[in-house]
Amino acid sequence: MKFNLKVWRQKNAQAQGKLVDYTIENIIPDMSFLEMVDVLNDNLVRKGEDPIAFDHDCREGICGMCSMYISGRAHGPHHAATTCQLYMRSFKDGDTIYVEPFRAGAFPIIKDLVTDRSAFDRIIAKGGFVSVNTGQAQDANNLPVDKADAEKAMDAAACIGCGACVAACPNSAAMLFVSAKISQLALLPQGGPERNNRAINMVNQMDEEGFGNCTNIGACEAECPKEIKLTNIARMNREYLVASLINE
Amino acid sequence: MQNSVLITSSIGKKLIMGLTGLFLVFFLVVHASINGCIWFNDEGKTFLYYAHFMGTNFLVHIAEVGLFGGLILHMVDGLLLWKQNRDARPVKYAYSNPSANSKWYSRSMGLLGTLILFFLIVHLRNFWGPNRLNQITTGEELNLFQLMQEDFSNLWMVVFYVAACFSLFWHLLHGFKSAFQSLGLNNVKYNKAIEIAGTAFAIIVPLVFALMPISFYFNLVH
Amino acid sequence: MSELNSKIPTGPLAEKWDNYKEHAKLVNPANKRKLEVIVVGTGLAGASAAASLAELGYSVKAFCFQDSPRRAHSIAAQGGINAAKNYKNDGDSVFRLFYDTIKGGDFRAREANVYRLADVSRNIIDQCVAQGVPFAREYGGLLDNRSFGGSQVSRTFYARGQTGQQLLLGAYGALERQIGLGNVKMYARHEMADVVTIDGKARGIVARNLITGELERYFGHAVILATGGYGNVFFLSTSAMGSNVTAAWKAHKKGAYFGNPCYTQIHPTCIPVTGDYQSKLTLMSESLRNDGRVWVPKSKEDAKAIREGKKTAADIKEDDRDYYLERKYPSFGNLCPRDIASRAAKEACDDGRGIVPSGLGVFLDFADAIKRLGVEVVKARYGELFPMYQNITNEDPLKTPMKIYPAVHYTMGGLWVDYELMTSVQGLYCLGEANFSDHGANRLGASALMQGLADGYFVIPYTIGNYLSSEIFTKAIPTDHPAFVEAEEAARERAEKLIGTKGKKTVDDFHKQLGKIMWEYCGMARTAEGLTHARKLIQDLRKEFWSNVNIPGTLNEFNPEFDKAGRVADFIELGELMVIDALDRNESCGGHFRLEYQDEGEAKRDDENYAYVSAWEHTSVEADPILHKEKLVYENIQLQVRSYK
Ligand SMILES: Cc1cc2nc3c(=O)[nH]c(=O)nc-3n(C[C@H](O)[C@H](O)[C@H](O)COP(=O)(O)OP(=O)(O)OC[C@H]3O[C@@H](n4cnc5c(N)ncnc54)[C@H](O)[C@@H]3O)c2cc1C
Ligand code: HEM
Ligand code: SF4
Ligand code: FES
């Protein structure tokens, strides 16, 4: 297979970036998208050019590190898959493929396709946990949890923190990510004691980081590689509303 | 606990949008029901009866203030959202394919809302403004039925109204169920119902409104 | 330091850890605040350690090379985590988990450590549940278990196919909480470039800021390494792309002994290699073997026809199939331990009966399970695994058998540590997969997560106090101390040399070449002859690397190619040590299989001469390392031939 690539190149955070054209040949349909970029980079290095910087680590769709906006979509055209789990068979021979970083003011670019998503960590640091010090726990089975709730919590907990929701959202909102964590802990009894604090503190931090506001467009849900549901955002809204109303 | 800023926080703004949006939806129901009375074909008698009630009742006047307040809140908040959301991505994508993941009208609520706003200005100037002005200056109400007959004999005016109803249709197609989501009333069990109700509402109400100028234009009401 | 002191507490096995805790020295809360601890690595082991130590009051600095602690490779673990809870009432106990782990490790692990691991395993589950880890539950709301990886009891806790992710997010949450409270300072996108030792004690690190390329110095009263496994020495493995040995290797060069480097786990159920472009291998959870049956055709002709696409699995009649695991190991069948299942697959393929074009692949068939349980049950049971497989291979395992082959998955070897998890350098600790401690020559499924969290949550908080209690008078050492300057200078020199080489071959060229050598000679089957040859090849590769590698860009920018080069340079040196170790060990045990030492295909251990841990001391890159032997003494169990027949 052969492809025309238009890749965003930007030397560092301050530099001006632009799309650069590359053509690449002899690509096998079974290659992953990142392996295709590997091949391209290999060519570049051999030609003495600077290879394209991109984030990736596990290449199994679980670490959430890979993050490309491909052909106008976060993680590319394949439904419910990360960039590393996107295979070239999803494209047609001869396609022109745009490759850009996840864009949002809250995700500043570090280089080329690499962005700084530490805003997510700072949001989690405000309440994405249960405050239980090591060694304080009671026996695990002393606290039965409704299986249905446990399953729903697991659905929400599956978020990999990749930021595709932000990248896909026309408003650069981070609601799907934040709501996934708030939901997980709101659904479990362990999260009960801190739920009000959690909702308010995490949402405040989210706003402070400069993410946009949700207008229920649903692009996040459609592009999320882990199929995190919009119901989580509704649950977060509820949590936040209740917490705000009783907040003293 | 940190302070929550229910009004200005991202979620607070959503709540306001949802509440004011639903309030406006409720207003539309009232408005459409009263105006629908023109089809009694009694030369506007029933219609004028209710219009008179709405135009003179004290409580309705208070509600009217609330309505304008709500509308302004809805607009200000909506436009603020639109601006903030635009600024949240300072560098735009060079190439984007949003239709793959969302509906254009969901992404264009600001635009659709602004179109509705234009319409509202014209609409208020046509009916509500002159009527209130007359009430203040002469203490008399205008015959709104007649006013409609006059205005809607103009084809352009009819086209303008119908176009506005399309904006409203799309605004509501997204807005109705969106408001429930904003208020946290999204529940797998009821989502389908909300969705159906929303779609039905988005079709029926604008359709009812659109049929009014059309009916007048073709002299179907008298 | 030449004598190895493993500091195993005295007393009966079951009481050692309690004895230790009761007598370990404590640090009072006011002093803890003044004590700084560096934690390199924030996977399960590192994140749990950093969080727990910060909760105790120490000031912690934590480092990871990814952009967030949440991305450590622990996140990829699918199957589950063991704990001796006996919730299923099926006869499990701490002793049984201990015994299974020792036996699974082919009697090459330290009794006292493993017993402690089995003991605290129960606390791990309690802790994680309290954190909100959404483990699978039964309808009554209690925790569910499954049996996993060669065990006959159901003691594995799991969260769908994402157990590692959920456990890591629990630990990450705890860590972020401490970061938010200001007790931990987190340095993401930082890679450790060296350990700084002063007067024989670890006192800090030099780290490279991966965004700016700058070398930075950090002081700590103690340093903990929790930097994961080194499977990537094989180039292709189930490890993440960035997994490396660099931190451990630098420590090794600063005096920490390397334990059992040759013990590598080759996991039987991975997606086979399909081409040269491939960058990593994907594991299909071992849990698939609960319902999947492994087979190849009985005849070479059938296998050849399948390879050439002339026949498919469906064309092979039941009688013409060789369910070789069930045939060879009737009592464990498809559930026999990993090393055994892997070797059997290799044997079948070496015999010419592989079923993928490269010849290196066998079937994992769910047809029977589907017949027995129905498609829906099977689909539900392996939730995300089937779609993942289908996405990668474009084949539906519900319709046609999966194709699998063994791949490098875990490294039992690592920095040698004593009972307190301290390396042979004072004040330098090593936790998780990066140390050698608990799995002997082969790790049982679902026990690495357990070990990482045991080390981080429940062991290090006690043992480090025992050391730091005598450090309360040590003031923070300014980082302009000559030892820091020197370490930074050395790191800079090396970096400049690397980037200045401007040779002809890319970093990946070298990495792939190293991988081929390791897989060929130090993989599933090893011989003295092959290993000797491999050592020579690796030495040549090292020389060529340092004279012919081509790294683009500069040192003072974000330069992933350079980061990779530094890691590959260390892998090459490690590769040589692995070969030396494999050569020394004239026996077969667990993941280390020497063709010379076998009984009709079964590993032949030599307990008389090799019941020891090999702890290697670094001398220089050119010279031979020095072997220290820690004798393994078994007081509570009988050494047996490990049989799964
Ligand atoms: C695909 C897969 C599936 C698995 N499934 C299971 C399972 O079901 N059950 C089970 O028990 N085990 C399983 N394992 C094994 C288990 O996941 C790992 O052994 C364990 O998670 C390792 O944890 P860790 O904390 O030691 O290291 P890691 O999680 O690998 O963390 C290493 C940390 O060190 C950091 N680091 C590394 N090098 C440097 C450096 N030079 N400088 C700075 N920081 C550095 C990294 O950034 C990272 O934070 C699986 C492993 C894999 C690969
Ligand atoms: C009769 C007139 C109107 C009705 C019935 C109406 C109704 C609604 C409803 C129900 C919503 C969804 C709220 C939510 O998602 O929580 C909405 C959203 C919105 N409206 Fe209106 N609206 C009207 C007029 C306007 C006007 C005049 C403007 C702007 C000038 C406007 C701008 C917006 C915007 C930008 C949104 C999207 C914000 C969001 O979803 O959070 N609307 N509207
Ligand atoms: S919600 Fe989905 S898209 Fe957003 S960060 Fe989580 S996994 Fe990624
Ligand atoms: S590289 Fe880990 S999710 Fe893609």
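As the structure is a computational prediction, the values presented were derived from the model and not from experiment. (Residues numbered from 1 in each chain as written. Chains lettered and ligands numbered in written order. Predicted model: local features only at pLDDT ≥ 70, side-chain atom pairs only at ≥ 80, totals over all residues. Heavy atoms only, no water.)

So, the packing of aromatic side chains
Evaluation of the coordinates by the stated rule reveals 50 aromatic pairs over all chains. Ring centres of Phe169 of chain B and Trp170 of chain B lie 5.7 Å apart, and the angle between their planes is 50°; on these two criteria the pair is classed as tilted. A relative accessible area of 25% means that Trp170 of chain B is categorised as partly exposed. Considering the side-chain rings of Phe98 of chain C and Tyr115 of chain C, the 5.3 Å spacing of their centres and the 65° angle between planes classify their relative orientation as edge-to-face. Of this pair, Phe98 of chain C sits in helix H4 (residues 94–104) while Tyr115 of chain C sits in helix H5 (residues 111–130), and the two are 17 residues apart along the sequence. Accessibility assignment for this pair places Phe98 of chain C and Tyr115 of chain C in one class, buried. Of the aromatic side chains, those joined through ring pairs into one cluster are Phe47, Phe119, Phe127, Phe145, Phe152, Phe160, Tyr161 and Phe216 of chain B. (Phe/Tyr/Trp six-rings, centres within 6.5 Å; stacked < 30°, edge-to-face > 60°. Buried < 20%, exposed > 50% of the residue type's maximum accessible area, 1.4 Å probe, protein only. Helix = DSSP H or I, 4+ residues; strand = E, 2+ residues; numbered from the N terminus.)

Some thoughts on the coordination of the iron atom of ligand 2
All names here are of chain B. Only His74 (NE2) and His171 (NE2) from the protein coordinate the iron atom of ligand 2, and they sit 2.0 Å from it. For the iron atom of ligand 2, the six donor atoms in the first shell make angles of 86 to 179° at the metal, so the coordination geometry reads as octahedral. Remark: His171 occurs in helix H7 (residues 155–182) and His74 occurs in helix H3 (residues 58–87); sequence separation between them is 97 residues. For His74, a relative accessible area of 14% corresponds to the buried category. For His171, a relative accessible area of 14% translates into the label buried. (Donors = N, O, S within 2.8 Å, 3.2 Å for Na, K, Ca; no water. Tetrahedral: all angles 85-135°; square planar, octahedral: opposite > 155°, others 65-115°.)

So, the side chain of His267 of chain C
Residues and elements named next belong to chain C. Within the fold, His267 resides in strand E11 (residues 264–270). Of the residues examined, His267 reaches a relative accessible area of 0% and is grouped as buried. Polar side-chain contacts of His267 include one of 3.1 Å to the backbone nitrogen of Thr269. When residues no more than four places from it in sequence are discounted, the contact partners of His267 are Leu283, Met284, Glu286, Arg338, Ser342, Tyr405, Pro406, Ala407 and His409. (Polar contact = N/O pair within 3.5 Å; in protein donor to acceptor, adjacent residues only side chain to side chain. Contact = heavy atoms within 4.5 Å.)

Quick look at unusual backbone geometry
Working note: non-glycine residues mostly have negative phi, and peptide bonds are mostly trans. Residue and element names in this part refer to chain A. Residues other than glycine seldom take positive phi values, yet Ser172 does so here, at roughly 50°. Mapped onto the fold, Ser172 is located in the loop between helix H4 (164–168) and helix H5 (175–187). Given a relative accessible area of 1%, Ser172 falls into the buried group.

Concerning the sheet that holds strand E4 (residues 73–74) of chain A
Residues and elements named next belong to chain A. Strand order across the open sheet formed by five strands is E2-E1-E5-E3-E4, with mixed pairing between neighbours. Sheet topology places strand E2 (18–24) and E4 at the edges, where each strand pairs with a single neighbour. Of the pairings in the sheet, the one linking strand E1 (residues 3–9) to strand E5 (residues 96–101) comprises four bridges and is parallel in character. In the sheet register, Asn4 faces E5, and the bridge partner there is Thr96. Helix-sheet contacts for helix H1 (residues 33–46) involve E1, E2, strand E3 (68–70) and E5, and the interaxial angle to E2 is about 90°. (Pairing = 2+ DSSP bridges. Axes fitted to C-alpha atoms, helices over the stretch in contact; angles between N-to-C directions.)

Comments concerning the site of ligand 1
The environment of ligand 1 is made up of 37 residues, and the closest members are Gln66, Ser74, Met192, Glu433 and Leu449 of chain C. Two or more chains meet at ligand 1, and those chains are chains A and C. Protein chains shield 97% of the accessible area of ligand 1, which is 1000 Å² for the free molecule. If you list the elements that add at least two residues to the shell around ligand 1, you get helix H3 (44–56), strand E6 (190–198), strand E15 (402–411) and helix H14 (448–468) of chain C. When residues of the shell around ligand 1 are assigned to their parent elements, the largest contribution, three residues, is made by E6 of chain C. (Near = heavy atom within 4 Å. Areas by Shrake-Rupley, 256 points an atom, 1.4 Å probe, with all protein chains shown as cover.)

Comments concerning the sheet that holds strand E8 (residues 215–219) of chain C
Residue and element names in this part refer to chain C. Spatially, E6-E7-E8 is the arrangement adopted by the three strands of the open sheet, whose pairing is antiparallel. Two strands close off the open sheet at either side, each with one partner strand: E6 and E8. Neighbour to neighbour, the strand axes of the sheet diverge by 25° on average, direction disregarded. When strand E7 (residues 201–209) meets E8, the two strands line up antiparallel, connected through five bridges. Looking at E8, one finds that Ile205 is bridged to Tyr218.

Considering the pattern of salt bridges
Residue and element names in this part refer to chain C. On inspection of all chains with the given rule, the structure shows 83 salt bridges over all chains. Between Asp92 and Arg155 there is a salt bridge, and its shortest N-O distance comes to 2.9 Å. With a gap of 63 residues between them, Asp92 in the loop between strand E3 (81–82) and H4 and Arg155 in the loop between H5 and strand E4 (156–157) connect regions that are remote in the sequence. Owing to a relative accessible area of 5%, Asp92 belongs among the buried residues under this scheme. What makes Arg155 buried here is its relative accessible area of 2%. The shortest N-O distance in the salt bridge between Glu622 and Arg542 comes to 3.4 Å. Residue Glu622 is found in the loop between strand E20 (612–617) and strand E21 (626–631), and its partner Arg542 is found in helix H17 (residues 528–548); the two are separated by 80 residues along the sequence. Residue class for Arg542 comes out buried when judged on its relative accessible area of 5%. Shared partners join several salt bridges into a network, and the residues in it are Arg293, Glu318, Arg321, Glu326, Asp365, Asp368 and Lys371. (Salt bridge = Lys/Arg side-chain N within 4 Å of Asp/Glu carboxyl O.)

Side note on the interface of chain C and chain A
Taken together, the 73 residues of chain C in the interface contact 71 residues of chain A. Buried area between chain C and chain A, both sides added, is near 5800 Å², and the carbon and sulfur share of it is 51%. Applying the counting rule to chain C against chain A returns nine salt bridges. Where Asp509 of chain C meets Arg46 of chain A, a salt bridge forms, and the shortest distance between an N and an O atom there is 2.9 Å. Across the chain C-chain A interface, the total number found is 44 residue pairs in polar contact (both at pLDDT 80 or more). For the side of chain C that touches chain A, the secondary-structure elements that each account for two or more residues are H3, H5, helix H6 (163–180), helix H13 (385–393), H14 and helix H18 (560–584) of chain C. The element contributing the most residues to the side of chain C that touches chain A is H6 of chain C, with nine residues. Classifying every residue of the side of chain C that touches chain A by side-chain character gives 29 nonpolar, 27 polar and 17 charged. (Buried area = accessible area lost by both parts, 1.4 Å probe. Nonpolar A, V, L, I, M, F, W, Y, C, P; charged D, E, K, R; others polar.)

Some points on the interface of chain B and chain A
Contacts between chain B and chain A engage 39 residues on the former and 53 residues on the latter. Applying the counting criterion to the chain B and chain A interface returns zero salt bridges. Broken down by element, the residue count for the side of chain B that touches chain A peaks at six residues, all from helix H1 (residues 10–36) of chain B. Looking at side-chain class alone, the side of chain B that touches chain A contains 14 nonpolar, 20 polar and five charged residues.

What about the packing of helix H6 (residues 195–208) of chain A against helix H8 (residues 231–246) of chain A?
Residue and element names in this part refer to chain A. Here H6 crosses H8 at 105°, and the two axes come no closer than 8 Å. Between H6 and H8, the angle falls in the class roughly perpendicular. Every residue of H8 that contacts H6 at Arg195, Asn196, Ala199, Ile200, Val203 and Asn204 is listed here: Met236, Glu239, Tyr240, Ala243, Ser244 and Ile246. For the contact of H6 with H8, the residue count by class is seven nonpolar, three polar and two charged. (Parallel < 35°, antiparallel > 145°, perpendicular 65-115°, else oblique.)

What to know about helix H15 (residues 482–500) of chain C
The periodicity of an α-helix, 3.6 residues per turn, causes residues three or four places apart in sequence to face the same way. All names here are of chain C. The first and last C-alpha atoms of H15 sit 26 Å apart over 19 residues, in line with the 27 Å expected at 1.5 Å per residue. Considered for burial, the residues of H15 that qualify are Ala483, Phe484, Ala487, Glu488, Ala491, Ala495, Leu498 and Ile499. The arc enclosing the buried residues of H15, seen along the axis, measures out at 130°, which places them on a common side. H15 presents Pro482, Glu486, Glu493 and Gly500 as exposed residues on the side facing more than 90 degrees away from its buried surface. Check the buried side of H15 and you find it contacts E6, E7, E8, H17 and H18. (Expected span 1.5 Å × (residues − 1). Arc of directions from axis to C-beta.)

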